[in-house]
Every structure is written in structure tokens, then in C-alpha cells.
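The lines below spell out each chain.
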Amino acid sequence: MLSFESDYIKGAHPQILSALYKLNEDPFAGYGEDKFSKTAKQKIAAACATDAKDIFFLVGGTQTNAVVIATMLKDYEGVIAAQTGHINVHEAGAIEHTGHKVLPLPARLGKINAQDLSAYLKTFYADENYPHMVFPGMVYISQPTEYGTLYSKAELNAIYAICKEYKIPLYIDGARLGYALASTENDVSLPELAQLCDAFYIGGTKVGALCGEALVFTKNNTPSHFITQVKQHGALLAKGSLIGIQFDTLFTDNLYFKISKNAIDTAHQLIEILEKKGFKFFLKSPTNQQFVIVNNDKLQKLREHVATGFWEKYDENSSVIRFATSWATTQDELIKLKEIL
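Throughout this description, residue numbers start from 1 for each chain and increase along the sequence as written. Only residues with pLDDT of at least 70 get local features here, since the model is predicted, and only at 80 or more are side-chain atom pairs given and counted; chain-wide, interface and lining totals rely on the full set of residues. With hydrogens and water set aside, each side-chain value is computed from the structure's full complement of heavy atoms.

Draft legend 1. Summary view of the pattern of salt bridges. By convention in these notes, a salt bridge is any Lys or Arg side-chain nitrogen within 4 Å of a carboxyl oxygen on Asp or Glu. By the definition in use, this model includes eleven salt bridges. Taking the shortest distance from any N to any O, the salt bridge between Lys 10 and Glu 333 comes out at 2.7 Å. Of this pair, Lys 10 sits in the loop between strand E1 (2-3) and helix H1 (14-22) while Glu 333 sits in helix H14 (residues 331-340), and the two are 323 residues apart along the sequence. In this text, helices come from DSSP runs of H or I with a minimum length of four residues, and strands from runs of E with a minimum of two, each type numbered from the N-terminal end.

Next comes the structure, spelled out in C-alpha cells:
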């Protein structure tokens, strides 16, 4: 079975596996206090041009989102997100489970815009009954979005300006951040991203690691007793060196950025294959996720040979499916896909 189902279907980059194997029998301090976690933080700090003491390693994306949002919000606050945002759709109510509400905004190609955000906040505070309502306490976006689209530097500047006006933090989900940075249409560098938000994470799970995400607080604004709260939420790995070694490897000699480019290069080839085979695009993204519309009968036939992600129902006879490339997509897989199609 050929799989283009997602970007985390394969294990880890060989250099990561090699590093883990070489160090398998060495003893390390727990909970991220090992030497590799410390050097990884230094390397990430250098790449982001930020302070190493505000970098933390958590076990996965959902856990990272839940911990960040829960610890940065007050009890009476909720988080603004695109209606299509991951925390609103595909995280099983993880945010609500922490006692906070997701406040959805309309999404355009997976993105919120500054005008809608400003209008929402103005309307909230213009309502005389707002003391009885869930306060908008932060803004959540993804880069790239769940539809593989990108926020431009201008869009991020506009959104962040509104957040600062209302004194609420902007948090960026970077589960696929490597693929955003590698996109030929991206105009936001990693240091610039760090300046245009209050917290973000660098995804490892989807970009070459076995597991783990690197969370960065950018304004010396780490919530009090953060590690204690990470542990309360079940997001702290006792064998923290497992994540530290992986990110130390990913941020040595620009490996993270080099392997991310493979996903973009193969996505361009994937688009060409799908176009030549007559697929109708629901959304052609500038990153590694491509969305096409297929007849349901054709989809059942396709599933006999190729795994893809189901995205949404298009009409009574058709569905939107997602093809995803990754750091590990090979030329052989593209050739086989072309033959099958």
C-alpha cells in the first residue's frame, strides 16, 4: 500500500535514529535536564534569535497546544481561532477539557484576517453584557494552516498589532513549520516569526522526529511554574533526552531546513502528477498538503492502492481528500503513484 495520508506516517530521519542508537546505553538526567536538551535549546535559540531559557520540549502537538493555552489564559478567558483551526476541529476538545472555550472566527483558505479579528474584539467590548461572557484572552493561528496555506509577513504584522492593541498574546502552532519556512512562497524567516508572536512551537513529529515539539516563549513571558504545569497536563517526558537528542540533531548543520525542503520539492511534483491525471483541486497549497475533489466511487478504487487523508464531504457524490508529502517522500513513491493513477 502506497501512503500519502500524512507527514508523520514514517519513523524518523536516519541521522536521528543513528544518534539515538549511539547514545542508547548512556545515562542521562531526566525531564529535559540532559546535555543534549540544553545544547538543542542553544541551537534553536540561535536559529530563532531568542533566549534559550524560554524553550521547552513537549511530547506532541495537541499536548503543546493544550498546555500553552491553558497556562497563558485566565480562568474566564477563551482562545480565538479560525473555524477550521486544529484546536477547534481535530483535537477532540482538548482545549475545552482544560476549562477554556475555543472562540471561532471565519476562515478564508484556513486563515483568519486582521479585519475579522478587530471586528470581533470591538463587538465583544461594545456589548454591555461582556462581563457575563467568555473573554477573548489570546489568538491562535497555525503556520502553515490546516489547509497548507501561509500567513504572509504583512498578515502576521496586522494580526499581531491587534493583539498588542488589546493586550492579548498571539500563539502560533508550528506543527508543520518546517514546511512553511521551506515554501517558495514564504516571506517570513524564523527570527521574524519569533518577533511576530508571543509563543510558538517548532514541530518535530511531522518534520523528521519520532516525536516531540520545541516550544518557544519569545518575550520572556513563560507562565509561572511552567514545567510543573506541563507535567500536570501529561506532556512532560521523563526520558526528556529522547526529544533533546532529536532536536539537537535536527538543528545541527541546518538538517531541519534541508529535510523540510524535500516535502516542498516533492509537493510540486505531486501537483504536476495530479494535474496531468485530471484531478480537480479543491485547494492547491504552497506547502506539502494538496487537496483534490474525487468522485466517491473513484475514491473507493483509489483506496485499494493508495492511502490519502479524508478531508470533508464535497457533495453527495464527491469528497475532498488530502495528499501529503513529507521530509521522507521519495521519487520512487511519486513514480508508483503516477502509475497507479
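Draft legend 2. Examining helix H2 (residues 35-48) more closely. Taking 1.5 Å per residue, 14 residues should reach 20 Å; H2 reaches 20 Å between its end C-alpha atoms and fits that length. The buried label goes to any residue with under 20% of its type's maximum accessible area, the exposed label to any with over 50%, and the partly exposed label to all in between, with areas taken from a 1.4 Å probe on protein chains only. Turning to H2, its buried residues are Phe 36, Ser 37, Ala 40, Lys 41, Ile 44, Ala 45 and Cys 48. Within 3.5 Å is the distance limit for a polar contact, defined as a pair of N or O atoms, with the added protein rule that one can donate a hydrogen and the other accept it, and that residues adjacent in sequence qualify only through two side-chain atoms. Two or three places before Phe 36, at the opening of H2, Asp 34 has a side-chain oxygen 3.1 Å from that residue's backbone nitrogen. Positive backbone phi, approximately 60°, marks Ala 49, located one or two places after H2. To estimate the expected span of a helix, count its residues, drop one, and scale the result by 1.5 Å.

Draft legend 3. Main features of the layout of surface pockets. Whether a set of points on the 1 Å grid over the protein atoms alone is a cavity depends on a 1.4 Å probe fitting there but being unable to get out, while an open set qualifies as a pocket with protein on both sides within 12 Å along at least five of seven lines; lining residues are those with an atom within 4 Å of a point. Grid points are joined across faces, edges and corners, and a volume is the space filled by probe spheres set on the points. Here the largest pocket defines a volume of roughly 460 Å³. Every element with two or more residues in the lining of the largest pocket is listed here: helix H3 (61-72), strand E5 (135-142) and strand E12 (309-313). A breakdown of the residues in the lining of the largest pocket according to their chemical character gives seven nonpolar, 13 polar and eight charged. Approximately 180 Å³ is the volume found for the second largest pocket. Surrounding the second largest pocket, 15 residues form its lining, Tyr 31, Gly 32, Lys 41, Ile 227 and Leu 236 being those nearest its centre. Split into classes, the residues belonging to the lining of the second largest pocket amount to ten nonpolar, three polar and two charged. Basically, the charged four are Asp, Glu, Lys and Arg, the nonpolar ten are Ala, Val, Leu, Ile, Met, Phe, Trp, Tyr, Cys and Pro, and anything else, Gly included, counts as polar.

Draft legend 4. Fine view of the side chain of His 13. Structurally, the position occupied by His 13 is in the loop between E1 and H1. Relative accessible area serves as the criterion here: at 13%, His 13 is assigned to the buried category. Every residue pair with non-hydrogen atoms within 4.5 Å of one another is taken to be in contact. If we ignore the near neighbours within four places in the chain, the residues touching His 13 are Gly 208, Leu 255, Ile 259 and Trp 327.

Draft legend 5. Structural view of the packing of aromatic side chains. Stacked, tilted and edge-to-face are the three classes assigned to paired rings of Phe, Tyr and Trp, where Trp is represented by its six-membered ring and a pair needs centres within 6.5 Å; plane angles under 30 degrees give stacked, over 60 edge-to-face, the rest tilted. According to the stated counting rule, one finds 25 aromatic pairs in the structure shown. Ring centres of Phe 124 and Phe 135 lie 5.3 Å apart, and the angle between their planes is 70°; this geometry places the pair in the edge-to-face category. On the criterion of sequence distance, the pair formed by Phe 124 in helix H6 (residues 114-126) and Phe 135 in strand E5 is long-range, its members being eleven residues apart. An identical accessibility class is assigned to Phe 124 and Phe 135; each is buried. Their ring planes at 80° and their centres at 5.7 Å tell us that Tyr 147 and Trp 311 sit as a pair that is edge-to-face. In this pair, Tyr 147 sits in the loop between E5 and helix H7 (153-165) while Trp 311 sits in strand E12, placing the two residues 164 residues apart along the sequence. Feature note: the residues Tyr 76, Phe 124, Tyr 125, Tyr 130, Phe 135 and Tyr 166 constitute an aromatic cluster, connected by ring pairs. Lying over the aromatic face of Tyr 151, Lys 111 brings its terminal NZ or CZ to 5.8 Å of the ring centre. For a lysine, the NZ atom is tested; for an arginine, the CZ atom; a charge sits over a ring if that atom is within 6 Å of the ring centre and within 35 degrees of the ring normal. A cation over an aromatic ring shows up here: Lys 298 above the ring of Phe 279, its NZ or CZ 4.3 Å from the ring centre.

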